[in-house]
Amino acid sequence: AQSVTQLGSHVSVSEGALVLLRCNYSSSVPPYLFWYVQYPNQGLQLLLKYTTGATLVKGINGFEAEFKKSETSFHLTKPSAHMSDAAEYFCAVTLYSSASKIIFGSGTRLSIRP
Amino acid sequence: GAVVSQHPSWVICKSGTSVKIECRSLDFQATTMFWYRQFPKQSLMLMATSNEGSKATYEQGVEKDKFLINHASLTLSTLTVTSAHPEDSSFYICSARVEKKQADTQYFGPGTRLTVL
């Protein structure tokens, strides 16, 4: 069975500081991994996804994530936080393709301090 | 890009009434749509997979008679919450699948907030 664990339900960083949101997954077969962002009272927006190939994936808004099979991790990073990055972030996993069920992590709320 | 809309964006209803939520893919056809439920400060939980022209597949623990799903066309899926009760109050989000050669992608709607009084 697949599962996703996001460490830290709330992360707070200063504007301009590094953003690091942690995600570990469990899957019996090579997974497809995703990061989504959700702003208040809105749906989810895809930030980036890993399917195959290059393990460092670049997404929108300056975010990137690295797939590390040995660590079963897919942490999300951004070199310099912006106030507009404040939102809820979800890591997710699925098998083979997005047509399969997406299993979401519990989410991490990112706050940005001025 | 692929756009998914939901209507209404919010609804308040009395206990015992039924509420229909629409999910539309605006610029693409979606053979498969998904319905999720999200409680405050929690993650999304998949309720069911909606397939065009066939019956929906419900996740374990989801009452199919309470949450009726109809996927009548390639651009529209509806979720009807029948005989709603306060515990059904939640944020309901749909997504639609876009078939691509390299990894299908799901695009999410903006969500519908249901409040049952």
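Residues numbered from 1 in each chain as written. Chains lettered and ligands numbered in written order. Predicted model: local features only at pLDDT ≥ 70, side-chain atom pairs only at ≥ 80, totals over all residues. Heavy atoms only, no water.

Chemist: Can you help me understand the pattern of salt bridges in this one?
Modeler: Charged atoms that come close allow side chains of opposite charge to pair. Residue and element names in this part refer to chain A. For the coordinates displayed, the defined rule picks out four salt bridges over all chains. The shortest N-O distance in the salt bridge between Lys58 and Glu64 comes to 2.7 Å. Residue Lys58 is classed as exposed on the basis of its relative accessible area of 62%. Taking relative accessible area as the criterion, Glu64 reaches 22% and is therefore assigned partly exposed. In this structure, Lys78 engages Asp85 in a salt bridge whose closest nitrogen and oxygen atoms are separated by 2.9 Å. When sorted by exposure, Lys78 lands in the same class as Asp85, which is buried. (Salt bridge = Lys/Arg side-chain N within 4 Å of Asp/Glu carboxyl O. Buried < 20%, exposed > 50% of the residue type's maximum accessible area, 1.4 Å probe, protein only.)

Chemist: Even after reading the chapter, I still don't get the packing of aromatic side chains, so can you show me in this structure?
Modeler: Two numbers describe a pair of aromatic rings. These are the distance of the centres and the angle of the planes. Per the stated rule, a full pass over the model turns up 12 aromatic pairs over all chains. An aromatic cluster of three or more residues is present, and its members are A:Phe34, A:Tyr36, A:Phe90, A:Phe104, B:Tyr36 and B:Phe108. (Phe/Tyr/Trp six-rings, centres within 6.5 Å; stacked < 30°, edge-to-face > 60°.)

Chemist: Is there a simple way to think about the pairing of strand S8 (residues 76–81) of chain B in this case?
Modeler: Residues in a regular strand project their side chains so that they alternate between the two faces of the sheet. All names here are of chain B. Counting buried residues along S8, six of its six residues qualify, which places the element largely inside the surrounding structure. Across the two faces of S8 the burial is the same, with Leu76, Thr78 and Thr80 and Ser77, Leu79 and Val81 all buried. Of the pairings in the sheet, the one linking strand S3 (residues 19–25) to S8 comprises six bridges and is antiparallel in character. Looking at S8, one finds that Arg24 is bridged to Leu76. When strand S7 (residues 67–73) meets S8, the two strands line up antiparallel, connected through five bridges. Looking at the pairing, Ser73 lines up with Leu76 of S8. (Helix = DSSP H or I, 4+ residues; strand = E, 2+ residues; numbered from the N terminus. Pairing = 2+ DSSP bridges.)

Chemist: Help me out: how do you make sense of the state of the cysteines in this one?
Modeler: The bond known as a disulfide is covalent and runs between the sulfur atoms of two cysteines. For the structure on display, the rule yields two disulfides over all chains. Residue pairing for A:Cys23: its cysteine sulfur links by disulfide to A:Cys91, the two sulfurs lying 1.9 Å apart. On the sign convention where negative is left-handed, the bridge of A:Cys23 and A:Cys91, at about -65 degrees about the S-S bond, is left-handed. Taken together, the residues span a long stretch of sequence, with A:Cys23 in strand S3 (residues 19–26) and A:Cys91 in strand S9 (residues 87–95) at a distance of 68 residues. Of the two residues, A:Cys23 and A:Cys91, neither departs from the other in class, the shared state being buried. The disulfide that involves B:Cys23 links it to B:Cys94, with 2.0 Å between the sulfurs. One disulfide, between B:Cys23 and B:Cys94, carries an S-S torsion of 80 degrees and so falls in the right-handed class. Residue B:Cys23 is located in strand S3, and its partner B:Cys94 is located in strand S9 (residues 90–98); the two are separated by 71 residues in the primary sequence. Exposure remark for B:Cys23: the relative accessible area of 0% places this residue in the buried category. Unpaired in this structure, B:Cys13 has its nearest cysteine sulfur neighbour in B:Cys94, at a distance of 18 Å. (Disulfide = S-S within 2.5 Å.)

Chemist: Honestly, the sheet that holds S7(B) in this entry has me stumped. Any pointers?
Modeler: Backbone hydrogen bonds hold the strands of a sheet together, and the pairing may be parallel or antiparallel. Residue and element names in this part refer to chain B. Taken in spatial order, the four strands of this open sheet run S1-S3-S8-S7, and their pairing is antiparallel. The two strands at the open ends of the sheet, each matched to only one other strand, are strand S1 (4–7) and S7. Between one strand axis and the next, the sheet turns through 15 degrees on average, direction left out of account. (Axes fitted to C-alpha atoms, helices over the stretch in contact; angles between N-to-C directions.)

Chemist: Mind showing me how you'd approach the pairing of S9(A) here?
Modeler: Residues and elements named next belong to chain A. Burial analysis of S9 places eight of its nine residues in the buried class, which makes it a mostly covered element. Of the pairings in the sheet, the one linking strand S4 (residues 31–38) to S9 comprises eight bridges and is antiparallel in character. Among the inter-strand pairings, Trp35 is bridged to a residue of S9, identified as Cys91. Pairing between S9 and strand S11 (residues 108–113): three bridges, direction antiparallel. Residue Glu88 lies in a different strand from S11, and its bridge partner there is Arg109.

Chemist: Is there a simple way to explain the sheet that holds strand S7 (residues 64–68) of chain A in this structure?
Modeler: Residue and element names in this part refer to chain A. Strand order in this open sheet of five strands is S1-S3-S8-S7-S6, and the pairing throughout is antiparallel. If you trace the sheet from one side to the other, it starts and ends with strand S1 (3–7) and strand S6 (56–58), each paired once. Neighbouring strand axes in the sheet, compared pairwise and without regard to direction, differ in orientation by 20 degrees on average. With three bridges connecting them, S6 and S7 associate as antiparallel partners. Paired with Lys58 across the two strands is Glu64, which belongs to S7.

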